[in-house]
Amino acid sequence: MHYLITGGAGFIGSHLADRLIAEGHRVTALDNLSTGKHDNIKHLEGNPNFELVVGTILDEYLVDKVAERCDAIFHLAAAVGVELIVNHPLESLTTNIKGSEIILEMAYRYHKKVLITSTSEIYGKNTQGPLKEDQDRILGSPLKSRWSYSTAKAVDEMLAYVYWKEKNVPTVIVRLFNTVGPRQSSAYGMVLPRFVKQALENKDLTIYGSGKQSRCFLHVKDVVGALTRIVDNSAACGQVFNIGSQEEITIEGLARRVIEITGSRSKVVYIPYNEAYEEGFEDMERRVPDISKINELIGFSPTVDLDGIIKDVVAYTRDKGAA
Ligand code: UDP
């Protein structure tokens, strides 16, 4: 198969490219290298099954050309990272809504299967857990930029669903919960690469808010394994699936684990949300997925536990000399 990966030089996209190529497929990665990095895919250069096209998903002419040539599309390109979204809300909205619309329109034009990556932000402040795919969304004011990401991704999901329903485009939606692993940048606010970098530099680990908020972290290699199997499964079309881990930890607890595993001399420091992000910032207190639906479809369950994940990120960060 020949796959198009939008955002193919990004953190998840580059791991997906590695996986597909290892399975014997061809990959075209479309990436504007804004948050994606050349470094993430440089080991694939020269591989006859890999091609990098530098450009934006907002360029209809370019997307038309690359979509026509492929067999199926993984749409991962998006403005991600809470800090990036809070700092550049307009750009995030445009990329995430208009970009997805263009991808879906091309998938329709050339009748290609498309997997749309959505997010656990969809559930907003719903702290019930584990969250099932049909659970309610609870969001704050649309004027708080944090919620623009959740809203844009909800529009993407609606578009994907109606392209399937009304135009028979084979679309699948996945909601990724916190995904971590090697190549994730610390630059856009993601907590694990940031804590690991701080710990290795013996600097204070910056806990935002009380640190009692909790998350579940899944290794990127488990995520891409699930993506390749879902896209292969015709029963997945027109449906949405959570992908995540259920090993829940508070952010304070995560900071402690990172300090222990690295043997760092770092301490922790608590920073109020309004200093870390913006005035009136609202966080999710808890976020745990129900993963029974994807488990039933493809037998998915995580293979790397949190300590394994932290060790992997530490090894990568040490190797790179920086995050
Ligand atoms: N966080 C933190 N310190 C940091 C970066 C993030 O305490 O340096 C917190 C953040 O406020 C959130 C959690 O860690 O409660 C996870 O943040 P991340 O941006 O990784 O993912 P999110 O779950 O918010 O999408």
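Definitions and limits used
Position numbers for residues start from 1 in each chain and track the written sequence from start to end. Where local features are concerned, this predicted model is filtered to residues with pLDDT of at least 70; where side-chain atom pairs are given and counted, the filter is 80 or more; whole-chain, interface and lining totals use all residues. Remark: hydrogens and water are excluded; side-chain values derive from all non-hydrogen atoms of the structure. Whenever Lys or Arg places a side-chain nitrogen within 4 Å of a carboxyl oxygen from Asp or Glu, that contact is recorded as a salt bridge. By definition, any uninterrupted DSSP run of H or I lasting at least four residues is a helix, any uninterrupted run of E lasting at least two residues is a strand, and each is numbered from the N terminus. Buried, partly exposed and exposed residues are distinguished by accessible area as a fraction of the type maximum, computed with a 1.4 Å probe on protein chains only: under 20%, between the cut-offs, and over 50%, respectively. Here, axes are lines fitted to C-alpha atoms. For helices the fit covers the stretch in contact, and angles between N-to-C directions go from 0 to 180 degrees. Any angle from 65 to 115 degrees is called roughly perpendicular, while one under 35 is roughly parallel, one over 145 is roughly antiparallel, and all others are oblique. For any pair of crossing helices, the crossing counts as left-handed if the nearer helix is rotated counterclockwise from the farther one by less than a right angle, and right-handed if it is rotated clockwise. In what follows, a contact means two residues having at least one pair of non-hydrogen atoms within 4.5 Å. Working rule for helices: expected span equals 1.5 Å times residues minus one. The directions considered for the arc are those from the helix axis to the C-beta atoms.

1. Notes on the pattern of salt bridges
Tallied over the entire structure, the rule returns 20 salt bridges. A salt bridge links Asp 39 to Lys 320; the shortest N-O distance between them is 3.1 Å. A residue pair is termed long-range when its members are at least 10 positions apart, and Asp 39 in helix α2 (residues 38-41) and Lys 320 in helix α12 (residues 306-320) qualify at 281 residues. Measuring nitrogen to oxygen at the nearest pair gives 2.5 Å for the salt bridge that ties Asp 64 to Arg 109. Of the two residues, Asp 64 sits in helix α3 (residues 60-69) while Arg 109 sits in helix α5 (residues 89-110), which places them 45 residues apart along the sequence. Classification of Asp 64 as buried rests on a relative accessible area of 15%. Judged by relative accessible area, which is 46%, Arg 109 ranks as partly exposed. In this structure, a network of salt bridges that share partners links the residues Glu 121, Arg 146, Arg 215, Asp 283 and Arg 287.

2. Observations regarding the packing of helix α9 (residues 251-262) against α12
Look at α9 against α12: their axes get within 10 Å of each other, and the N-to-C directions meet at 55°. When the interaxial angle is binned, α9 and α12 end up oblique. For the pair α9 and α12, the crossing hand works out as right-handed. Residues Leu 254, Arg 257, Val 258, Ile 261 and Thr 262 of α9 lie in contact with α12, whose contacting residues are Leu 306, Asp 307, Ile 310, Lys 311, Val 314 and Arg 318.

3. Focus: α12
In this model α12 runs 21 Å from its N-terminal to its C-terminal C-alpha over 15 residues, within 8% of the 21 Å that 1.5 Å per residue would give. Listed as buried for α12 are Leu 306, Ile 309, Ile 310, Val 313, Val 314, Tyr 316 and Thr 317. Down the axis of α12, the buried side of the element spans an arc of 165°, and every buried residue falls inside it. Exposed and oriented more than 90 degrees from the buried face of α12 are Lys 311, Arg 318 and Asp 319. The inward-facing, buried residues of α12 abut β7 (179-180), α7 (191-200), β10 (218-219), β12 (248-250) and α9. Phi turns positive one or two residues past the end of α12, at Gly 321, with a value near 85°.

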